[in-house]
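If you want the building blocks of each chain, they are given just below.
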Amino acid sequence: MRRAATGLLVAMAALFALARSQQGTHPLWDWVLAFSEAAMVGGLADWFAVTALFRHPLGVPIPHTAIIPENKDRIADSMARFLQSNFLIPVVVARRMRAMNLAQAAGDFLASPGREGVSRIRGGAGELVAEMLDSLDPERLGGQVKAGLLHQLERLEISPLLGQMLTAAIADKRHLPLLESLIRWAGLTLEDNEEMVRQIIHQQANSVVRWTGLDERLANSVLDGLYRLLAAVLVDPEHPLRRKVEEGLEQLAHDLQHDADLRAKVEGMKQDLLANPALGTWWTGVWERLRLSLISSARDPKGGLSGPFSSMLGELGQALREDPALQRQVNRFARRTAVGVATRYGGQIVQLVSETVKRWDVRTVTDRIENAVGRDLQFIRVNGTLVGGLVGVAIHLLNTVL
């Protein structure tokens, strides 16, 4: 547009030269001369006015030119005051926020699974979690978690807790599968070590028994008796041995909660376990595997975090979209937050605007403002050239008539 406006001014100058050379050959050239002469005056005047806003015309420091560069700081303060007076007033912010249903808009956005933005939110959240876990020192973080767990375990007396858990398990019959598994394990162990049991019996029998061969029959009888006993305990829920075991478990549960000596022993075992370096080494390995697994899952679009997180976003969007009461609460919270920000930090916001503009160099301010409104300013030059020419024709007409 600058080139177009300048080209129009040059065209008027050429037209003026042509009309000047042809003056007197025809009355029409007088009108052309008046038009082109006035158009040049109008174009030059508007060129001076437009140029004077941003720089000195032709580099000459004429007073009251380069208005914007000379008043950069005052313009920055004026912009800040305008922003604070017209936009960051709590009443204006509240009125504007009251007309907006942010909750429903957010619900519509989150409840649409095919939206690219939702995928970006999910991916961004996963990447944020991964970056956070990846940036933290694994050994230091694992040590802090371990120290926190150890501190909590040291404060926790586990003996009463174990007693209560055992009592609840017995009351709900949840100990029976474990008891039956132990009986089966005992039977399988006896079967696998049957030859060793026979040798023990042979070694303990005297020479007379061995000479008569009764040691083999004795071993068979012992093994058969043990097999029948285990089978009977496994099959019969009311077997005396099973009941004896349950009584022992009930007594153990009681002692864990009320026997001071047993509680002290359990507490000592807990402290010995916590002080064992092997536990620290084991926890370090567990934490590192857990951390790497979380990082991999967070960065994998189809990983374990993707599905639950997407489902959570969808449910949140559905609730925001369909629950008017929730919408009112969220919108009220957003409105109060915006008003609070405008009230508490409005001055700092406009100060940031003012200081940012003040820190810009003169050329930056000039270029940005000129790029924003320069096209319209060049239209002013074009209009000034044309309007000036028309005014010149009108003056020539008045001069002819009068």
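Anything mentioned here points back to the structure above.
In what follows, the accompanying structure is described. For every chain, the first residue of the written sequence is number 1, and numbering continues from 1 onward in sequence order. Local features in this predicted model are restricted to residues whose pLDDT is 70 or higher, and side-chain atom pairs enter the listing and the counts only when it is 80 or higher, whereas totals over whole chains, interfaces and linings include all residues. With hydrogens and water excluded, all non-hydrogen atoms of the structure serve as input to the side-chain values.

## So, the overall build of the protein
Logical step 1: Every helix listed is a DSSP run of H or I at least four residues long, and every strand listed is a run of E at least two residues long, numbered separately from the N terminus. In terms of helices and strands, the protein carries 19 helices and zero strands.
Logical step 2: The 402 residues of the protein split such that 26% are buried.
Logical step 3: In the protein, the proportion of contacts linking residues at least 24 apart, taken out of those at least 6 apart, comes to 69%.
Logical step 4: Computed by Shrake-Rupley with a 1.4 Å probe, the accessible areas treat only the displayed protein chains as cover when residues are assessed. About 26500 Å² of surface is accessible on the protein, with carbon and sulfur atoms providing 62% of the total. The classification of residues rests on relative accessible area computed with a 1.4 Å probe and restricted to protein chains. Under 20% of the type maximum is buried, over 50% is exposed, and intermediate values are partly exposed. What makes two residues a contact is simply this: any of their non-hydrogen atoms within 4.5 Å.

## Quick word on helix α1 (residues 2–21)
Logical step 1: By definition here, a helix of n residues has an expected span of 1.5 Å times n minus one. Between the first and last C-alpha of α1 there are 29 Å, a value that for 20 residues agrees with the 28 Å anticipated at 1.5 Å per step.
Logical step 2: Inspection of α1 places A5, L9, M12 and A19 among the buried residues, and these make up the whole buried set. Along the axis of α1, the buried positions cluster into a sector of 90 degrees, meaning they face one direction only. What points out from α1, more than 90 degrees from its buried face, is the exposed set R3, V10 and S21.
Logical step 3: Residues of α1 that are buried make contact with α2 (28–54) and α19 (362–401). Taking the helix axis as origin, the arc is that swept by the directions to the C-beta atoms.

## What to know about the pattern of salt bridges
Logical step 1: We define a salt bridge as a contact between a side-chain nitrogen of Lys or Arg and a carboxyl oxygen of Asp or Glu at a distance within 4 Å. Applying the stated criterion across every chain yields a total of nine salt bridges.
Logical step 2: A salt bridge links R243 to E250, with the shortest nitrogen-to-oxygen separation between them at 3.8 Å.
Logical step 3: The exposure class assigned to E250 is partly exposed, which follows from its relative accessible area of 35%.
Logical step 4: The partner of E267 in a salt bridge is K270, and the shortest N-O contact between them spans 2.6 Å. In this pair, E267 and K270 both sit in helix α15 (residues 260–275), three residues apart, roughly one turn of the helix. Each member of the pair E267 and K270 is classed as buried.

## Remarks on the side chain of S354
Logical step 1: Along the polypeptide, S354 turns up in helix α18 (residues 324–359).
Logical step 2: Residue S354 is classed as buried on the basis of its relative accessible area of 6%.
Logical step 3: Here S354 is in contact with A76, D77 and A80, once residues within four sequence places are set aside.

## A short note on the packing of helix α5 (residues 90–98) against α18
Logical step 1: Interaxial distance between α5 and α18 falls to 9 Å at its minimum, and their mutual angle equals 160 degrees. If you check the angle between α5 and α18, you find them roughly antiparallel. In this structure, α5 meets α18 at a crossing whose hand is right-handed. Contacts between α5 and α18 involve P90, V93, A94, M97 and R98 from the former and A334, R335, A338, V339, A342 and T343 from the latter. Helix axes are fitted only over the stretch in contact, all axes being lines through C-alpha atoms; the angle between N-to-C directions runs from 0 to 180 degrees. In what follows, roughly perpendicular refers to angles from 65 to 115 degrees, roughly parallel to angles under 35, roughly antiparallel to angles over 145, and oblique to any angle outside these ranges. For a crossing to be left-handed, the near helix must be turned anticlockwise from the far one by less than a right angle; the clockwise case is right-handed.

## Observations concerning the nonpolar core
Logical step 1: Residues grouped as a nonpolar core are buried Ala, Val, Leu, Ile, Met, Phe, Trp, Tyr and Cys residues, joined through side-chain atoms within 4.5 Å. Membership of the largest hydrophobic core is limited to five residues, which are V50, F54, I68, V365 and L377.
Logical step 2: Looking at this core, the elements with two or more residues in it are α2 and α19.
Logical step 3: Those residues in contact with L377 that lie beyond four places of it in its chain are V50, L53 and F54.

## Remarks on a nonpolar patch on the surface
Logical step 1: For patch detection, residues must exceed 30% relative accessible area and be free of salt bridges, and they are connected within 9 Å for like charges or within 5 Å for nonpolar side chains (Val, Leu, Ile, Met, Phe, Trp, Tyr). On the surface, a cluster of nonpolar side chains totalling about 400 Å² of accessible area is made up of L153, L156, L161, L162 and M165.
Logical step 2: Looking at the nonpolar patch, the element that brings in the most residues is helix α9 (residues 158–171), giving three residues.
Logical step 3: Mapped onto the elements, L156 comes out in the loop between α8 (138–155) and α9.

## Topic: the side chain of N331
Logical step 1: Tracing the chain through its elements places N331 in helix α18.
Logical step 2: For N331, a relative accessible area of 12% gives the class buried.
Logical step 3: Here a polar contact means two N or O atoms within 3.5 Å. Within protein one must be a hydrogen donor candidate and the other an acceptor candidate, and residues neighboring in sequence count only if both atoms are side-chain atoms. A distance of 2.9 Å separates a polar atom in the side chain of N331 from a polar atom in the side chain of N101.
Logical step 4: Separated by 2.9 Å, the side chain of N331 and the backbone nitrogen of A103 make a polar contact.
Logical step 5: Once residues lying within four places of it in the same chain are set aside, the contact partners of N331 are M100, N101, L102 and A103.

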